[in-house]
Amino acid sequence: MSLRQFEYALAVAEEGSVTAAAERLRVAQPSVSQQIRGLERELGVELFARTPTGLVPTVVGRAFLREAELAVSAARRARATARAGADDLVGELVVAAQLGFGTRQLPGALGALRRRFPRVEVTVFEEQSSAELERLCRRGVTDLALMAACKRSPADAHHLGDEEFVVVLGAGHPRLAADRVELRELDGEPWVRFDRDSALDGVLLNVLRDNDLTPITAARVSQTATAVRWAAHGLGVTLVPASAVPPGHEHLVRPVFPVVSQPVIAVVRPAAGPGETALLELLRRETWPEPEFLSPEAAEVL
């Protein structure tokens, strides 16, 4: 077995077809097919089942792909570390960011990292669930994870700062006249909420419970920008991290009382290399607003 076969199998699993995988990898389709067949012969198992919608990993295939992903990630890191010099770093850095947290700080840190190491390729993906992020960190899939502190946060996590949450109101909402909105004044309001396993929805549920508010759900969305836009159009109010408010909606945003905030941490893989070490330091240098005081919601882990 070779790393090339692992990479081909992962690409086929992600794309759902040999043709699409070959296009993404920029190789000939027969080459991908040949490598997958050779891998299956060597293993003595069928990795993919053919369905009307494309190639789908079998039960054995899914188990194999999990290990293949770890092997490919480890190989990329080894190459990057071996090629790293005093001012040069080549390779891929995989970053996972929890949806809504560090939205303003991460781009600035990545820009500075890119200027320092122009040959580093950074892959960033967003994840809603704290449990899923913790699982990815434990499996070693990510080099650095940016996330809200939770019960499953590793003991060696690095605290970067705190995200203060703000309420987004529709145009013409009477509470826009105030500089700060008391949460209890939102009793009876419909809410634009997030997916049920999202850390953001967990914060909102804690806020509603601690302020004796009934969770009237107007809609559920997956993205913070969508929640803000829907709230701006009067579908309901929503609660998001201040840094996640897209430009053009600042006039519809108000801080809340009691203050709602959440500690933001960075989790770096064990035996961190120069890329993730540099990114962690750059994230520390970014501006993290200090809330006036920590609310009960901040202390309560997700």
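Enquirer: I would appreciate a short explanation of the overall build of the protein chain in the present structure.
Expert: Within the protein chain one finds 10 helices and 12 strands. Each principal axis of the C-alpha distribution contributes one length, and for the protein chain these read about 65 × 50 × 35 Å. For the protein chain, buried positions account for 50% of its 302 residues. For the protein chain, long-range pairs separated by at least 24 residues make up 78% of all intrachain contacts whose partners lie at least 6 apart in sequence. Surface summary for the protein chain: the accessible area is close to 14500 Å², and the carbon and sulfur share equals 52%. When the 34 basic and 40 acidic side-chain charges of the protein chain are each reduced to a single mean position, those positions are 6 Å apart.

Enquirer: It is not clear to me how helix H3 (residues 29–43) should be interpreted in this structure. Could you clarify?
Expert: Residues three or four positions apart in an α-helix share a direction because the helix packs 3.6 residues into each turn. For H3, built from 15 residues, the straight-helix expectation of 21 Å at 1.5 Å per residue is met to within 8% by its first-to-last C-alpha distance of 21 Å. Buried within H3 are the following residues: Val 32, Ser 33, Ile 36, Gly 38, Leu 39 and Glu 40.

Enquirer: Just checking my understanding: could you explain the packing of helix H5 (residues 105–116) against helix H9 (residues 274–285) for this structure?
Expert: In a pair of packed helices, the angle between the axes and the distance between the axes together describe the arrangement. Contact pair H5 / H9: the axes reach a minimum separation of 9 Å and the direction vectors enclose 130°. Comparing their axes, H9 and H5 come out oblique. The handedness of the crossing between H5 and H9 is right-handed. In contact with Gln 105, Leu 106, Ala 109, Leu 110, Ala 112, Leu 113 and Arg 116 of H5, H9 contributes Gly 275, Ala 278, Leu 279, Leu 282, Leu 283 and Arg 285. By residue class, the composition of the contact of H5 with H9 is 9 nonpolar, 2 polar and 2 charged.

Enquirer: What should I look at first to understand the nonpolar core in this one?
Expert: Core analysis: the largest hydrophobic core is formed by 57 residues, its most contacted members being Leu 113, Val 167, Leu 239, Val 260, Leu 279 and Leu 283. In terms of residue count, the dominant contributor to this core is helix H7 (residues 199–210) (6 residues). Of all hydrophobic cores here, the second largest spans 19 residues; its members include Ala 9, Ile 36, Leu 47 and Phe 48.

Enquirer: Honestly, the side chain of Glu 189 in this entry has me stumped. Any pointers?
Expert: Positionally, Glu 189 belongs in the loop between strand E7 (181–182) and strand E8 (190–194). Buried within the structure, Glu 189 lacks any salt-bridge partner; Arg 175 is the closest side chain of opposite charge, at an N-O distance of 6.0 Å. Each residue touching Glu 189, except ones within four places of it in the same chain, is listed here: His 173, Ile 216 and Val 237.

Enquirer: Before we go on, may I ask you to explain unusual backbone geometry in this structure?
Expert: Most of the time, phi is negative for any residue but glycine, and the peptide bond is trans. Here Phe 257 and Pro 258 are connected by a cis peptide whose omega angle stands at -5°. Along the polypeptide, Pro 258 turns up in the loop between strand E11 (253–257) and strand E12 (261–268). A positive phi angle is found at Arg 26, which is not glycine, with a value near 60°. Looking at where Arg 26 falls in the secondary structure, it is placed in the loop between helix H2 (18–25) and H3. On the basis of relative accessibility, which here comes to 78%, the residue Arg 26 falls in the exposed class.

Rules used in this analysis
Residues numbered from 1 in each chain as written. Predicted model: local features only at pLDDT ≥ 70, side-chain atom pairs only at ≥ 80, totals over all residues. Heavy atoms only, no water. Helix = DSSP H or I, 4+ residues; strand = E, 2+ residues; numbered from the N terminus. Buried < 20%, exposed > 50% of the residue type's maximum accessible area, 1.4 Å probe, protein only. Contact = heavy atoms within 4.5 Å. Areas by Shrake-Rupley, 256 points an atom, 1.4 Å probe, with all protein chains shown as cover. Lys, Arg positive; Asp, Glu negative; His and termini not counted. Charge placed at Lys NZ, Arg CZ, Asp CG, Glu CD. Expected span 1.5 Å × (residues − 1). Axes fitted to C-alpha atoms, helices over the stretch in contact; angles between N-to-C directions. Parallel < 35°, antiparallel > 145°, perpendicular 65-115°, else oblique. Left-handed = near helix turned anticlockwise from the far one by under 90°. Nonpolar A, V, L, I, M, F, W, Y, C, P; charged D, E, K, R; others polar. Core = buried A, V, L, I, M, F, W, Y, C linked by side-chain atoms within 4.5 Å. Salt bridge = Lys/Arg side-chain N within 4 Å of Asp/Glu carboxyl O.

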